[in-house]
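In case you want the letters, here they are:
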Amino acid sequence: MCGANTINTMKKLIFLFFILFAFVACGNDDDTEVIVEEPQEDYTKYVGYKLEYYDLKADVKSVERVYYNIEGGNIDTKRPSRKERYYFDKNGVLVKAVGYTLELVSISEAGEYEYRFKLSTEQLYTYDEKYRLTEHTYTQYNFRVSKTIYTFDEENKTAVGIEYEVNSDGLTPKQKYNYVLDENGRINTESISVYLPKEKKSETLVDKREYKYIKEIDLKSNAVLFYGNHLNAMGYNQISDYYEQSIEYYDGTSGGSTIREETIPRSNAYGVSKYSDYQLNGNAKSLIEFVYTDGELVWDNEDNILETGHPITKKIMNFDSNGVCIEYTSFRREFIEYINNVPRFGSLREEGYFKYEYDSKFRITSLYDEYFYYENVETTTPKTIDKSIRIITYDDTKNTATALNYLYDGNNICEKPYSKTVYNLDPAGFINMFNYEEYSISEGKKTKNQLTGDINEFNETPYVKSALIKRFDTQKNMIEQYNLNKFYNEDGSIDKTEIRSYRKREITYY
């Protein structure tokens, strides 16, 4: 198969009865009031967070609570632990909750501490005319802001909640929740399906290399300072091969002060091999070459080597009529052990196979490769063979080449590349192996999605379904309860099933 199932790598345990109203929020400490029109019916009875929940009565607009530390049975009124402030609409329903943490300001010479409250969290709640939550914004200062928007389908008795991360690009979808509505038309949190956003290809720069040599030149054009410099994978400059030269001239001068600096790009051309690179003449068509172990070779009386040893490596190269290598196969024999001081080696096994195509300038445009992996050093049949293909396009105007790397299943090239490398070209127009940017191309979450976006941008298969399972006896008392969570693969099959928060009760009656 080409590629990998990325959905499992995305999975995280979300659980699940995410507290929509859990107190952690942030915002400005003001008296902003959200006014909801007087409901025709008393829909507020279905809302959990209202005056009664906070043990409040009458027409409270806002309330501030300060919590203090208790040490040794004594209340330390000089050092509170936290502060919370709640805001209610005219019907007594919570519309805003703000939290503060205590921050140390200073310690006096007498050892007294000075504290102040620091805004930490804020939550905002918006309701429809039936007092159903339609929007919940949750801010954690200096960390993140999330917004969950709910829509109701009363005809089908369902509801959808989409959670977004709020950032400079707008709203990034994080998860979608599907609910059913109860008999009162409210969200039933005991049954929920969670969906992840659809994925798209994204490119991430994973490595950048740029090698060059620096020379400082004196008046006679000789280097008095020389060093190598390259930008490493972390983006930092590294110095190597650094030396200084003090030069004495016949005219009695030292060359004088440095007059200029020269930058010389370091280059290693990535191109095709020709038979001449292997010291071959006569327009060679193929080459088979063996390398032997020194201790295994035998000489005759005239010091001619008799090939009675075990070759450690073998390579087979095929050249076209232009003398350019179009195929290369490598073999290797692995060391196993010494027996009575005599080395024992395994079989000569295929290690890799490469096939090349090139353009009119003899630059590689396609590289197919196979790498062979074995169970152990003695087996001769490969356990696995990794196959891939690299397609290279050249842009002589921009002086760059782009290589896209694909997996290959033996019959077909994978539809999408898994990585990309952009090289600079050397003066001859060939790839400079010391100057490139490498990108990983992977499945990634959508980076931007406005409220007007299509909610069908989420996967059709849920990531997880969770249900609260209850069993009752004949007296209608609950005797068993647990959360049943089913996690799904991308194709809709069940990956695993988990039971959480299991409770069992035994009741005795008269």
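Residues numbered from 1 in each chain as written. Predicted model: local features only at pLDDT ≥ 70, side-chain atom pairs only at ≥ 80, totals over all residues. Heavy atoms only, no water.

A.B. asks: Whenever I open this one, the side chain of aspartate 320 confuses me. Can you help?
C.D. replies: Following the sequence through the fold, aspartate 320 ends up in the loop between strand 18 (311-319) and strand 19 (325-339). Lysine 274 provides the closest opposite charge to the buried, unpaired aspartate 320, separated from it by 8.6 Å. Beyond its immediate sequence surroundings of up to four residues, aspartate 320 is in contact with Ile326 and Tyr358. (Helix = DSSP H or I, 4+ residues; strand = E, 2+ residues; numbered from the N terminus. Buried < 20%, exposed > 50% of the residue type's maximum accessible area, 1.4 Å probe, protein only. Lys, Arg positive; Asp, Glu negative; His and termini not counted. Salt bridge = Lys/Arg side-chain N within 4 Å of Asp/Glu carboxyl O. Contact = heavy atoms within 4.5 Å.)

A.B. asks: Help me understand the packing of aromatic side chains in this model?
C.D. replies: Here the distance between the centres and the angle between the planes together describe a pair of aromatic rings. Taken as a whole, this structure holds 20 aromatic pairs when the rule is applied. Aromatic pair tyrosine 53 and tyrosine 54: ring centres 5.0 Å apart, planes at 80°, arrangement edge-to-face. Pairwise contacts between aromatic rings join Tyr49, Tyr53, Tyr54, Tyr86 and Phe88 into one cluster. Sitting over the face of the ring of phenylalanine 331, lysine 314 holds its NZ or CZ atom 4.9 Å from the ring centroid. (Phe/Tyr/Trp six-rings, centres within 6.5 Å; stacked < 30°, edge-to-face > 60°. Lys NZ or Arg CZ within 6 Å of the ring centre and 35° of its normal.)

A.B. asks: Looking at this structure, I do not really get the pairing of strand 4 (residues 113-127). What am I missing?
C.D. replies: Looking along a regular strand, one sees side chains alternate from face to face of the sheet. Both strand 3 (residues 94-107) and strand 4 contribute to a ladder of 11 bridges, which runs antiparallel. Bridged to glutamate 103 within strand 4 is arginine 116. Strand direction decides the pairing type here: strand 4 and strand 5 (residues 133-140), joined by seven bridges, are antiparallel. Its bridge partner lying in strand 5, threonine 126 is registered against glutamate 135. Between the end of strand 4 and the start of strand 5, which pair antiparallel, lie five residues, with tyrosine 131 showing a positive phi angle near 55°. (Pairing = 2+ DSSP bridges.)

A.B. asks: Got a minute to help me understand a nonpolar patch on the surface in this structure?
C.D. replies: A contiguous nonpolar patch, built from Val66, Tyr68, Ile70 and Ile75 and spanning about 390 Å² of accessible area, is present on the exposed surface. For the nonpolar patch, the element with the most residues is strand 1 (residues 62-71), which contributes three residues. The topology assignment puts isoleucine 70 in strand 1. (Patch = residues over 30% accessible without salt bridge, like charges linked within 9 Å, V, L, I, M, F, W, Y side chains within 5 Å. Areas by Shrake-Rupley, 256 points an atom, 1.4 Å probe, with all protein chains shown as cover.)

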